[in-house]
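Secondary and tertiary structure notes
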Amino acid sequence: MYTVCGDHSLRQLFVCVFYCTVLCLTSVQAAKIQWTLDEKDLQQVMVSGPNLNETSVVSGGYGGPAGGIIPTSSIKGSGMHHSNSNQNMSVEEANRGVAVEKLDSVKKWGINTYKCTKQMFSERFGRGSRTVDLELEAQIDVLRDTKRKYESVLRLTSALTSHFYNMVQTQQALGDTFADLSQKSPELRDEFGYNAETQKLLCRNGEALLGAINFFVSSINTLVNKTMEDTLMTIKLYEAARLEFDAYRADLEELSLGPRDAATMVRIEVSQQQYQVQRDKYERLRSDVTIKLKFLEENKVKVMHKQLLLFHNAISAYFAGNQQQLEQTLRQFNVKLKPPGSDKPSWLEES
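Residues numbered from 1 in each chain as written. Predicted model: local features only at pLDDT ≥ 70, side-chain atom pairs only at ≥ 80, totals over all residues. Heavy atoms only, no water.

Per the secondary structure count, the protein chain includes eight helices and two strands. Counted from the first residue to the last, the protein chain has its helices and strands arranged as α-β-β-α-α-α-α-α-α-α. Across the 351 residues in the protein chain, those meeting the buried criterion constitute 28%. For the protein chain, contacts bridging at least 24 residues in sequence account for 79% of all contacts bridging at least 6. Accessible area of the protein chain: about 23,400 Å², with a carbon and sulfur share of 59%. (Helix = DSSP H or I, 4+ residues; strand = E, 2+ residues; numbered from the N terminus. Buried < 20%, exposed > 50% of the residue type's maximum accessible area, 1.4 Å probe, protein only. Contact = heavy atoms within 4.5 Å. Areas by Shrake-Rupley, 256 points an atom, 1.4 Å probe, with all protein chains shown as cover.)

Residues annotated in UniProt with the feature "coiled-coil region" (unreviewed entry) correspond here to residues 268-299. Strand forms 0% of residues 268-299 and helix 100%; the C-alpha atoms that close the span are 46 Å apart. (UniProt positions renumbered as here; feature names shortened; annotations may be inferred.)

Moving on: the pattern of salt bridges. What the rule picks out here adds up to 17 salt bridges. The salt bridge partner of arginine 249 is glutamate 253, with a shortest N-O separation of 3.2 Å. Taken together, the positions of arginine 249 and glutamate 253, both in helix 5 (residues 189-256) and four residues apart, correspond to about one turn of that helix. (Salt bridge = Lys/Arg side-chain N within 4 Å of Asp/Glu carboxyl O.)

With that settled, consider unusual backbone geometry. The phi angle at asparagine 334 is positive, at roughly 55°, despite the residue not being glycine. Positionally, asparagine 334 belongs in the loop between helix 7 (323-332) and helix 8 (347-350). Of the residues examined, asparagine 334 reaches a relative accessible area of 59% and is grouped as exposed.

Where helix 5 meets helix 6 (residues 262-319), the axes come as close as 7 Å, and the angle between the chain directions of the two elements is 165°. Comparing the axis directions of helix 5 and helix 6 gives the class roughly antiparallel. Like other packed secondary-structure pairs, helix 5 and helix 6 cross with a definite hand, here left-handed. Across the contact of helix 5 with helix 6, the residue classes tally to 31 nonpolar, 14 polar and twelve charged. (Axes fitted to C-alpha atoms, helices over the stretch in contact; angles between N-to-C directions. Parallel < 35°, antiparallel > 145°, perpendicular 65-115°, else oblique. Left-handed = near helix turned anticlockwise from the far one by under 90°. Nonpolar A, V, L, I, M, F, W, Y, C, P; charged D, E, K, R; others polar.)

So, on to the packing of aromatic side chains. Counted according to the given criterion, the structure contains eight aromatic pairs. For the ring pair tyrosine 238 and tyrosine 282, a centre distance of 5.6 Å and an interplane angle of 25° mean the geometry is stacked. Taken together, the residues span a long stretch of sequence, with tyrosine 238 in helix 5 and tyrosine 282 in helix 6 at a distance of 44 residues. The exposure class assigned to tyrosine 282 is buried, which follows from its relative accessible area of 2%. Ring geometry for phenylalanine 245 versus tyrosine 282: centroids 5.2 Å apart, planes at 5°, classification stacked. (Phe/Tyr/Trp six-rings, centres within 6.5 Å; stacked < 30°, edge-to-face > 60°.)

Glancing now at the nonpolar core. Within soluble globular proteins, side chains that are nonpolar generally end up buried alongside one another. Judged by nonpolar contacts, the single largest core of 43 residues is most densely connected at Ile140, Leu143, Ile235, Tyr238, Val289 and Leu293. Contributing elements (two or more residues each) for this core: helix 4 (134-184), helix 5, helix 6 and helix 7. Broken down by element, the residue count for this core peaks at 19 residues, all from helix 5. If near-sequence neighbours (up to four positions away) are discounted, leucine 143 is found in contact with Met228, Thr231, Leu232, Ile235, Leu293 and Leu296. (Core = buried A, V, L, I, M, F, W, Y, C linked by side-chain atoms within 4.5 Å.)

To continue, consider the side chain of threonine 329. Here threonine 329 shows up in helix 7. In this structure threonine 329 comes out as buried when scored by relative accessible area, which is 1%. Every residue in contact with threonine 329, bar those within four places of it in the chain, is listed here: Leu310, Asn313 and Ala314.

The next subject is helix 7. Those residues of helix 7 that sit buried are Leu326, Thr329 and Leu330. One side of helix 7 carries all its buried residues, which in axial view fall inside an arc of 100°. Within helix 7, the exposed residues directed more than 90 degrees away from the buried face are Gln324, Arg331 and Gln332. Residues of helix 7 that are buried in the fold lie against helix 5 and helix 6. Positive phi appears at asparagine 334, one or two residues downstream of helix 7, with a value of about 55°. (Arc of directions from axis to C-beta.)

The next thing to look at is the packing of helix 4 against helix 6. Remark: helix 4 packs on helix 6, axes separated minimally by 12 Å, with the N-to-C direction vectors making an angle of 30°. Taken as axis vectors, helix 4 and helix 6 run roughly parallel relative to one another. At the point where helix 4 passes helix 6, the crossing takes the left-handed sense. When helix 4 is examined against helix 6, the residues Leu136, Gln139, Ile140, Leu143, Thr146, Tyr150, Leu160, Phe164, Met167 and Gln171 are found in contact with a partner set consisting of Arg286, Val289, Thr290, Leu293, Leu296, Lys300, Met304, Phe311 and Tyr318. For the contact of helix 4 with helix 6, the per-class residue count stands at 13 nonpolar, four polar and two charged.

Position of serine 271 among the secondary structure elements: in helix 6. Discounting residues that sit within four places of it in the chain, serine 271 has contacts with Tyr248, Asp251, Leu252 and Leu255.

For the rest of this paragraph, the subject is the environment of leucine 309. With respect to the helices and strands, leucine 309 occurs in helix 6. Relative accessible area serves as the criterion here: at 36%, leucine 309 is assigned to the partly exposed category. Residues leucine 309 and threonine 329, 20 residues apart in the sequence, show an inter-C-alpha distance of 9.5 Å.

Listed below in structure tokens is the structure:
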């Protein structure tokens, strides 16, 4: 059993989930930054530490005081140490800048994810409103249903290709066997010869029909798995932009209903800018989907008109035994047959 909590409890749940996610990501990023800084400090110690090869210069004579010893590292290393320190400081500042930039991107991503998740749950529980384009969504539903039906046609015709290919191969083997028996059985030479010629003729016509069906399957495969799939990918981007647009719209409406102090007015202004950005993105993707749906419908009608005519004429000519009509159909639709003696099926026939 599922229960729906109140607005206040739901808001607290979203806030807790959001801040837990941000704290986890921030802790991981801070650990990475601290490890980087510790590594830089270790490198600095190794660079500025004592050198086993350094020597000393004695300023006094023999047996002079120890205070007269001047380390050569103090002469040649002071300038180098100063430049190394400046270089290390610049590297550390650059690392801090990169870390701050990453934290800002994580923060923006977390806020956007929180708002979209809140909007999605609000729509699912019936507590939030969503932008609806009835005409466009009806066209999208029709496209998805059409794609499922065309996938069924593609699957069935691929199975038909595989079965028919096996039949043609069987006819070819049977014709060769009849021809061999015709040579070895003088008393049945004519009978075996007639059957051998018949099976070879059926095999030639079957290869022609197989070429037509392969051409039909290849065209349907391109239409379904490339053209329609490209349009559906744009539709997915449009639906994601719609959710973001409604999330920022709901956030702006919530701020507009609150108090109008100085801090709130600043937040409202920022929210209006974000809302406008999301609205422009949503409108652009909606226009892209509308255009692609229009061109897809035109392309689908054009392709299917040609392919269905090819399929009907080829099937009718084959089963009517009209070899001339079958060959004319292949020439009409520019169908190229496989070279003679090519027994290996294509990937469409094997699937």
